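Summary of the model geometry
What follows is each chain in one-letter form.
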Amino acid sequence: KTDVVLLKNDIVNAIKTSNIFTDKFNHIILSIDKNTNSVVISSKSSDVGVFTSSIPATINGESIEMSINYKYLNDCLNIIQDESIRFSFTVKEKPMVIQPLHDLNFLYLIMPLNR
């Protein structure tokens, strides 16, 4: 239902900072906002505080929000060599798919955290 294209370096930098503010489950919220054409990454820890970062993106489809473990996303992004990446979503209870924009041979799935 939703495809998002964004620059890899933008999301890598946001994730590096968000990990400081994650809870013991490494939980971040990834929000795709169709109205502002942005990906918002947020995390919070009762010990450290709250973090929010907005990243410009090209979005086709609906807005969606998903809770994920930032370590899985970071592992994937460290492997991808392309400058641009694609996130694909169906519904928030199903896995998100990550691919380099120009290399269709690589496919990475991340399951959402259900709370």
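Higher on the page you've got the structure.
Here goes a summary of the coordinates provided. These numbers come from a predicted model, not from an experiment.

With that settled, consider the nonpolar core. By size, the foremost hydrophobic cluster in this structure holds 29 residues, and its most contacted members are Ile11, Leu30, Leu73 and Phe87. Not counting residues up to four positions away in its chain, the partners in contact with Phe87 are Thr2, Asp3, Val4, Leu6, Ile11, Leu30, Leu73, Met96, Val97 and Ile98.

Take unusual backbone geometry next. In this model, Asn37 sits at a positive phi of 50°, which is unusual for a non-glycine residue. In this structure, Asn37 sits in the loop between strand S2 (27-33) and strand S3 (38-45).

Every buried residue of helix H1 (residues 8-18) is listed here: Lys8, Ile11, Val12, Ala14, Ile15 and Ser18. End-on, the buried residues of H1 take up no more than an arc of 165°, which puts them together on one face. Exposed and facing more than 90 degrees away from the buried side of H1 are Asn9 and Lys16. Tucked into the core, H1 has its buried residues touching strand S1 (2-7), S2, S3, strand S4 (49-56), helix H2 (70-79) and strand S7 (84-89).

Checked against the element boundaries, Gln99 lands in strand S8 (residues 96-100). If we ignore the near neighbours within four places in the chain, the residues touching Gln99 are Ile80, Ile85, Arg86, Leu104, Phe106 and Leu107.

Before going further, it helps to examine the pairing of S8. Two faces, one strand: in a regular strand the side chains alternate between the faces of the sheet. Within S8, 5 of the 5 residues are buried, which leaves the element mostly enclosed by the surrounding structure. Here S8 shows two buried faces, one formed by Met96, Ile98 and Pro100 and the other by Val97 and Gln99. Note: S7 against S8, 4 bridges, orientation antiparallel. Its bridge partner being in S8, Ser88 is matched across the sheet by Val97. Connecting S7 to the next strand, S8, in antiparallel fashion are 6 residues. By the bridge criterion, 3 bridges tie S8 to strand S9 (residues 108-110) in an arrangement that is antiparallel. Bridge pairing in S9 links Met96 to Ile110.

According to the stated counting rule, one finds 2 aromatic pairs in the structure shown. Arranged with centres 6.4 Å apart and planes meeting at 90°, the rings of Phe87 and Phe89 form a pair that is edge-to-face. Each of the two residues, Phe87 as well as Phe89, counts as buried. Between the aromatic rings of Phe106 and Tyr108, the centroid separation amounts to 6.5 Å while the plane-to-plane angle is 10°, which identifies the pairing as stacked.

Right, let's talk about H2 for a bit. Residues of H2 that are buried: Tyr70, Leu73, Asn74, Cys76 and Leu77. All buried residues of H2 project into a common sector of 160° when viewed along the axis, lining one side. On the buried face of H2, the contacting elements are H1, S2, strand S6 (64-69), S7, S8 and S9. With a side-chain oxygen lying 2.9 Å from the backbone nitrogen of Lys71, the N-terminal cap of H2 falls on Asn69.

Conventions and cut-offs
Residues numbered from 1 in each chain as written. Predicted model: local features only at pLDDT ≥ 70, side-chain atom pairs only at ≥ 80, totals over all residues. Heavy atoms only, no water. Core = buried A, V, L, I, M, F, W, Y, C linked by side-chain atoms within 4.5 Å. Buried < 20%, exposed > 50% of the residue type's maximum accessible area, 1.4 Å probe, protein only. Contact = heavy atoms within 4.5 Å. Helix = DSSP H or I, 4+ residues; strand = E, 2+ residues; numbered from the N terminus. Arc of directions from axis to C-beta. Pairing = 2+ DSSP bridges. Phe/Tyr/Trp six-rings, centres within 6.5 Å; stacked < 30°, edge-to-face > 60°. Polar contact = N/O pair within 3.5 Å; in protein donor to acceptor, adjacent residues only side chain to side chain.

Bear in mind that shape data such as this cannot, by itself, settle questions of function.
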